[in-house]
Each structure stands twice: as C-alpha cells, then as structure tokens.
Amino acid sequence: MSAPPVDNKTGFAAHPQLLLDKDGEKLAVVVKATFEAPHDASAPLELAAKGRRRGIRFADVPWDAEKPEKSSLAFAADLCLRKPGTDVVVAATGYAPGGKAVPSFDVYVQAGPARRLLRVHGLRVWERGGAGISQGRPIAELPIRYEHAWGGFDDSDPEHLVEEARNPVGMGVARDPAALTDQRAPQIEDAAQPVLTAKTWPQPAGLGPIGRHWEPRRRFTGTYDDLWLDLRSPLTPLDQDDRVNLVAPPGLTVAPYLRGGEQFAMLNLVPGGGPLAFPLPVVGLRIEFKVQGRETIVVAPPIDTVVVDLFGIGPEQPIAVELVWRAYVKAPRKM
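What counts and what doesn't
Residues numbered from 1 in each chain as written. Predicted model: local features only at pLDDT ≥ 70, side-chain atom pairs only at ≥ 80, totals over all residues. Heavy atoms only, no water. Buried < 20%, exposed > 50% of the residue type's maximum accessible area, 1.4 Å probe, protein only. Helix = DSSP H or I, 4+ residues; strand = E, 2+ residues; numbered from the N terminus. Pairing = 2+ DSSP bridges. 1 Å grid on protein atoms, 1.4 Å probe; cavity = no way out; pocket = protein on both sides within 12 Å on 5 of 7 lines; lining within 4 Å. Points joined across faces, edges and corners; volume = space filled by probe spheres on them. Nonpolar A, V, L, I, M, F, W, Y, C, P; charged D, E, K, R; others polar. Salt bridge = Lys/Arg side-chain N within 4 Å of Asp/Glu carboxyl O. Phe/Tyr/Trp six-rings, centres within 6.5 Å; stacked < 30°, edge-to-face > 60°.

**Student:** Any chance you could explain the pairing of strand 21 (residues 305-309) here in plain terms?
**Tutor:** Along any regular strand the residues' side chains alternate between the sheet's two faces. Most of strand 21 is tucked away: five of the five residues are buried. Burial of strand 21 is two-sided: the residues Thr305, Val307 and Asp309 facing one way and the residues Val306 and Val308 facing the other way are all buried. Direction of pairing for strand 6 (residues 86-91) relative to strand 21: parallel, over a ladder of five bridges. Among the inter-strand pairings, Val88 is bridged to a residue of strand 21, identified as Val306. Where strand 21 and strand 22 (residues 319-330) come together, five bridges link them in antiparallel fashion. If you follow Val307 over to strand 22, its bridge partner there is Glu322.

Next comes the structure, spelled out in structure tokens:
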C-alpha cells in the first residue's frame, strides 16, 4: 500500500506509517522537530538548519553497531502508536567539574518534574567475592552508558543463567561472586542507591533509552503464545500495555505529558562540567487527517519524546534537542 500524501507546513520531519493495534490497522503520523544551541547554551534553542534536522528513526540505534545484542542504545526507534507519558532521554558524557580528575562526581538531569541524579566513579574493582568495592581512581570524563553501570548477564552455566533483566549489558552480575574478585566494578550508580556489594542489586543507572527486551518494557509486551498465533496474529496481544513504548530510564518519564516551556537543567554533562539550563521550545502543533468520506480529524498532540544529544558537543557541534509528537486514526481502505 502506497504512503498517503503529506502536506507539511512545519519544516519538521513528518512520516505517515501504517501500524497494527489491538483492534486493527491504524494510520499514524510521527513528527520530529530538531532544535540546537551552542555547546555552552549561551543562546536559546533555535530550529536547526535544514541540513541538520534529524529524521524519523525506524529502528533502535545501538552504541556498538557491530555487536548490537551486547550493546546499550544510543537512540530508540521513533515508531509506535502511542505513549502514556513523555520520555526524556539524554545521550551524554559525564565531565568532572572544572575538567579536573576526581575519584567521583555527580551528574544530574531535570525536565519539568522529571529528574535523575547519578554518581560517576573512576575505575574501581571488586574486593574479594564481591564483598565491597575499592575507591575509584581519579577520572575526568566517562560516557554515560549502561555498560558502565550495575547489571549484566552470566551464562557460564547454561543450566543456571543469571541476568539483571533491567540492564543485561552492565557489570557486576555473576553466578559465582568469587569470579568478581579484582574485576572492574560499576562506575555509574544511582546516587540514592549506591552499589555496595555484589548482593546489593540496585536500580541500574543511566540517562539513555532502555531496550525493548529489557525490564520493565519486557513485561508490558503482552502474550505471544499459540492462542495469539491462532486467533489474533498479526494484531498486537490484547494484554499488551502501552508502557512497552516508554524508553526513558526510571525517573525520566513524565505523566501527564510535557507541553513545552518546561526548564531543562543539567549538571556536569558538558565539557568542563558545571550547570546548564534552557527552556524546552513551545510549539503549537496540529495534525489534520483528511480521509475521503470522513469528517476531518484534527489532533493537537502533546510532546511524547524529548531527546537531548550532548554527546561529542563542542564549538563545531551544538547541543541538539529533538521533540517528537504523534497521532493516529483508523486506517482508511485506500491511502
């Protein structure tokens, strides 16, 4: 089926897509605006120049494209029908204040009521049997990726797999704690839930999107069993929960939604460290669905995804902020 025509008056990226729901096909439209600011955010956010505007992502983007099954996500796919809140995700490196190496420092993100405070440590190792962790060596910067946080997957005994389903690519999980002795320990942790021993099992720490097969998204996928295969396929399971589409880590989902104008604040996430803040853009977006034989449907959707890309920023690479909206209607018989 060919794509329907789109009359886009915004200058934003807009993509129509036929997607399956519990009760049939839906015609969805995903809209993305890209804003930029200098790396020190000394000027307000402005709409990115045409050649620098980001398109719709049709698939997840892992940090390690060569080993995606063992990699956390840099960016999540944009395609889904709906989200029950606004995801706030950040791609960034943590920088020690003043650029001076220290044993540990904090990084912080806030967008309206959403907030997350993490602690970054220098290289540290497990004490005997995971009974404790050494003090971190001085560190000046570290990419904020789940690989550096608590988590992991141990398949050394195929009959007794051990997994941290909330972050299977992290470090610290082991079937035999003795195997952890003198091994690298997590360098990123939730400031309110520090990793003390290998038995702590704290909440994994990060600012980026969580994978579709990670918890808690995994539990919201629904039941794909023989009954579904016989009676409902290819429609989504009746017990699928829309929270499966939320990709933000704990503390960074806002319900009800962000509307724009909220303050986005951060700490130690730009070169040299220190605080930085700017208001999220206010955009009055309207989507009209015009289907032959039907009344025109007009939707003013909320922002359901905010992506702040601070990775690799500098004088030649500004801060990038993506805002995403979406809406859908019952799919027409002809596009």
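**Student:** I'm lost on empty space enclosed by the protein in this one. Help?
**Tutor:** Think of a ball as big as a water molecule: rolled over the atoms, this probe shows where empty space is left. Scanning the model with the defined rule gives two cavities of 30 Å³ or more in all. What the largest cavity holds in volume is close to 70 Å³. Forming the boundary of the largest cavity are Arg57, Phe75, Ala76, Ala77, Asp78, Lys83, Val89, Val247, Thr305 and Val307. In terms of residue class, the lining of the largest cavity is built from six nonpolar, one polar and three charged. Approximately 50 Å³ is the volume attributed to the second largest cavity. Looking at the second largest cavity, the residues that line it are Trp63, Ser72, Leu73, Ala74, Val90, Ile144, Arg145, Tyr146, Gly206, Leu207, Gly208 and Pro209. Along the lines of polarity and charge, the residues of the lining of the second largest cavity split into eight nonpolar, three polar and one charged.

**Student:** How should the layout of surface pockets be read in this particular structure?
**Tutor:** Computed from the structure, the largest pocket encloses a volume of approximately 700 Å³. Pro5, Val6, Asp7, Glu288 and Phe289 are the residues nearest the centre of the largest pocket, which is lined by 23 residues in total. By residue class, the composition of the lining of the largest pocket is 14 nonpolar, three polar and six charged. Looking at the lining of the second largest pocket residue by residue, the class counts come to eight nonpolar, four polar and five charged.

**Student:** How should the pattern of salt bridges be read in this particular structure?
**Tutor:** As a working rule, side chains carrying opposite charge can pair if their charged atoms are close by. Applying the stated criterion across every chain, the model contains 23 salt bridges. One salt bridge in this structure joins Arg116 and Asp190, with 3.2 Å as the shortest N-O distance. Pair noted here: Arg116 is in strand 9 (residues 114-121) and Asp190 is in strand 15 (residues 188-190), with a separation of 74 residues, a long-range link. The exposure class of Arg116 is buried, given its relative accessible area of 4%. Several salt bridges share partner residues, and in doing so they unite Lys32, Arg54, Arg57, Asp78, Asp309 and Glu322 into one network.

**Student:** Explain the packing of aromatic side chains to me, please; I cannot follow it from the model alone.
**Tutor:** Both the distance between ring centres and the angle between the ring planes are used here to describe each pair of aromatic rings. If you walk through the whole model with that rule in mind, you get six aromatic pairs. With 5.9 Å between their ring centres and 5° between their planes, Phe12 and Trp325 make a pair best called stacked. Highlighted residues: Phe12 in the segment before strand 1 (13-21) and Trp325 in strand 22, separated in sequence by 313 residues. Assigned by exposure class, Phe12 and Trp325 land together as buried. Relative to Phe278, the ring of Phe264 has its centre 5.3 Å away and its plane inclined at 20°; by these criteria the two rings are stacked.

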